[in-house]
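Fold and geometry: a report
Here's the letter readout for the chains.
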Amino acid sequence: MAIMSETLTSAMTPVMHRVISNVSETADTATLTFEPLNDGLPKGEWGQFNMIWAEGIGEAPISFSRVPVDNTVVHTIRAVGSVTKALCALRPGEYVGLRGPFGAGWPIQAARGHDIVLVAGGIGLAPLRPVVHEILENREDYDKVTLVIGARTAHDIPFLDEVHRWRTGGLLKVRITVDQDCSHWNGNVGIVTNELHRVVIDDPGSVAMICGPEIMMRFVCKQLEDSGFARDNILVTMERNMRCGLGLCGHCQLGAKFICTDGPVMNWVDAGPLIGVREL
Amino acid sequence: MIDESLLLKHRFFRDIGEPLLGYIAGCAEQVSYPADTQLLAQGQPAHSMLAIEHGKVGVGIHVPQRGFVTIETVQAGEIVGWSWLFPPYEWSFDAITTTDVSGILVHAQCIRPHLNDDPAVGLEFVERISKVMQDRLHSARLRLLDMYGDHE
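Within every chain, residues take consecutive numbers counted from 1 along the sequence as written. To label them, take the chains in the order written and letter them from A, then take the ligands in the order written and number them from 1. Residues qualify for local features only when their pLDDT is at least 70, as the model is predicted, and side-chain atom pairs are given and counted only at 80 or more; totals for whole chains, interfaces and linings, by contrast, use all residues.

**Regarding the overall build of chain A**
Of regular secondary structure, chain A possesses seven helices and 15 strands. Once C-beta atoms are placed from the backbone, each residue is buried if 20 or more other C-beta atoms lie within 10 Å of its own, exposed if 12 or fewer, and partly exposed for counts between those two. Counting the 280 residues in chain A, one finds 46% classified as buried. Counting contacts in chain A only where the partners sit at least 6 residues apart, residues at least 24 apart contribute 69% of the total. In this text, helices come from DSSP runs of H or I with a minimum length of four residues, and strands from runs of E with a minimum of two, each type numbered from the N-terminal end. Residue pairs are scored as contacts if the distance between their C-beta atoms, which are placed from the backbone, is within 7 Å.

Okay, structure coming up:
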């Protein structure tokens, strides 16, 4: 009991980190890099998240936007609430507390040898970015890879320079569409599912990984199912009100699942029946 | 007039049966346009339907102070233009090629009498167009939701 209590206390205690950079991605989104003041957290994996604590304000669950390769931690944050607004406003040298890593991530290595379709909506590209990095680093391990990006406007696409490099690099097919035209945009305009229609799927073992607004994921998953994807090869990352990160407090409960421990990445067999249920 | 086998390669015409296939082939021609060509102009007579084989077309409208604003990008395997099916047979929007485009152009004045004279043929064609309309309406409705917006 004493050991469990100690483990719990440790998992609930933020580890202080210093901001070493804050790079603006879009008008409301920034990528922050943190380094620990002392010992860092265990290294996280693709799709996992940390709870980031803004002192005096609160905590927010944020996925890794780069898998840690040293003791630094990289998160891309959209300023939508009081905590995330405070985090996006942090300057180098300021401090935050981090807990984690938590949750089940993308089972990327299980997709080796298969076609992969990644679908990112808006800031949903951040949790998928480490997957793209893994694929590019081990490109020969994967078959055809397509990344479909949807955003409200061209100004709302994060990692724009990097996306451009992916697009011109020839190692994966990148399709981008925006909901609304804006000046200087010469790309496609239309809903993200339109771009999926144009992706040719011929591997029955194809794996899809999707991150974006829940309503987008519902329609994308339905379309993927209609085009022959197996439900357990469709993976989504869920967002709920994560608090403890340990499956104890119940704030992120979705049916019989706790998103912080059973997710955030779940397959469509598990997530599909729950995602459309009102009030869940 | 074009070869029927060419029509069947395009997604919109796939599996289409006779006699409609023959009627369309008799009213169609292969066309190509360089990028930045205005294909349709709002308020002008709607005279044809383009089935895109290669390239992209932006369907949109000219907005004061903003210029041409694309509402939807239409690509290979899709069609542009259905206003020729409904009175007053005028385009509701503009359409401009955003890349070099090639495709199959079906002339409205030629095909419309066939659709009107034979209800079964007309229904088959309208069902295909309705599926396109359903997809575009679906797309427009989802975009009205502003899925990516800040709804906190």
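**Quick notes on the overall build of chain B**
Assigned secondary structure in chain B consists of four helices and eight strands. Each helix (α) and strand (β) of chain B, taken in turn from the N terminus, gives the series α-α-β-β-β-β-β-β-β-β-α-α. For 152 residues, the compact-globule estimate of 2.2 N^0.38 gives 15 Å, and the C-alpha radius of gyration of chain B, at 16 Å, lies within 12% of that figure. With 152 residues in all, chain B has 30% of them scored as buried. All radius of gyration figures rest on C-alpha atoms, and the globule criterion is 2.2 Å times the number of residues raised to 0.38.

**Looking at the pairing of strand β3 (residues 48-54) of chain B**
Residue and element names in this part refer to chain B. Along β3, five of the seven residues are buried, which leaves the element largely enclosed by surrounding structure. Two strands form a pair only when DSSP identifies at least two bridges running between them. As paired strands, β3 and strand β6 (residues 79-80) are joined by two bridges and run antiparallel to one another. Within β6, the position partnered with A51 by the bridge is I79.

**Observations regarding the interface of chain A and chain B**
At the interface, 20 residues of chain A touch 19 residues of chain B. Of all elements in the fold, only β10 (188-189) and α6 (214-226) of chain A reach the threshold of two or more residues within the side of chain A that touches chain B. Throughout this entry, Asp, Glu, Lys and Arg are counted as charged residues, while Ala, Val, Leu, Ile, Met, Phe, Trp, Tyr, Cys and Pro are counted as nonpolar. The remaining residues, Gly among them, count as polar. Residues of the side of chain A that touches chain B, tallied by class, amount to eight nonpolar, seven polar and five charged.

**Some thoughts on the domain arrangement of chain A**
Residue and element names in this part refer to chain A. Domains assigned within chain A are domain 1 (2-102) and domain 2 (108-275). In this document the domain limits rely on a domain assignment from an automatic tool or a database. Computed over C-alpha atoms, the centres of domain 1 and domain 2 are 22 Å apart. The partner domain 2 presents 21 residues to the 21 residues of domain 1 that form the contact. Taken together, the elements giving at least two residues each to the side of domain 1 that touches domain 2 come down to α1 (2-12), β1 (15-26), β3 (49-54), β4 (58-66), β5 (73-78) and β6 (95-102).

**Considerations on unusual backbone geometry**
The omega torsion of the bond from G263(A) to P264(A) falls at 10°, within 30 degrees of zero and hence cis. With an omega of 5°, the peptide bond between P87(B) and P88(B) qualifies as cis. Within the secondary structure, P88(B) sits in the loop between β6 and β7 (94-97). The backbone of D15(B) shows a phi angle near 70°, a positive value even though the residue is not glycine. Inspection of the secondary structure puts D15(B) in the loop between α1 (4-8) and α2 (20-27).

**Some thoughts on the packing of α2(B) against helix α3 (residues 108-117) of chain B**
Residue and element names in this part refer to chain B. Axis definition: a line fitted to C-alpha atoms, over the contacting stretch in the case of helices. Angles run 0 to 180 degrees between N-to-C directions. Two elements in contact, α2 and α3, have axes separated by 8 Å at closest approach and are oriented at 160°. As the angle between them shows, α2 and α3 are arranged roughly antiparallel. The handedness of the crossing between α2 and α3 is right-handed. On α3, the residues touching Y23, I24 and C27 of α2 are C110, I111 and H114. In the contact of α2 with α3, the residues fall into five nonpolar, one polar and no charged. Just so you know how the angles are binned, under 35 degrees is roughly parallel, over 145 roughly antiparallel, 65 to 115 roughly perpendicular, and the rest oblique. For a crossing to be left-handed, the near helix must be turned anticlockwise from the far one by less than a right angle; the clockwise case is right-handed.

**Side note on the sheet that holds β6(B)**
All names here are of chain B. The four strands lie next to each other as β1-β8-β3-β6, forming an open sheet whose pairing is antiparallel. Of all the strands in the sheet, the pair left with one neighbour each is β1 (28-33) and β6. Along the sheet, α3 makes contact with β3 and β8 (101-107), crossing β8 at roughly 50°.

**Some details on α6(A)**
Residue and element names in this part refer to chain A. The first and last C-alpha atoms of α6 sit 18 Å apart over 13 residues, in line with the 18 Å expected at 1.5 Å per residue. Listed in full, the buried residues belonging to α6 are M216, M217, V220, C221 and L224. Taken end-on, α6 shows its buried residues confined to a sector of 125°, consistent with a single buried face. On its buried face, α6 sits against β7 (116-121), β8 (145-151), α5 (192-197), β11 (207-211), β12 (234-237) and α7 (268-275). Trailing α6 by a residue or two, G228 shows a phi angle of about 105°, which is positive. Here the expected length of a helix is defined as 1.5 Å per residue gap, with one fewer gap than residues. Relevant arc is that of directions from the helix axis to the C-beta atoms, nothing else.

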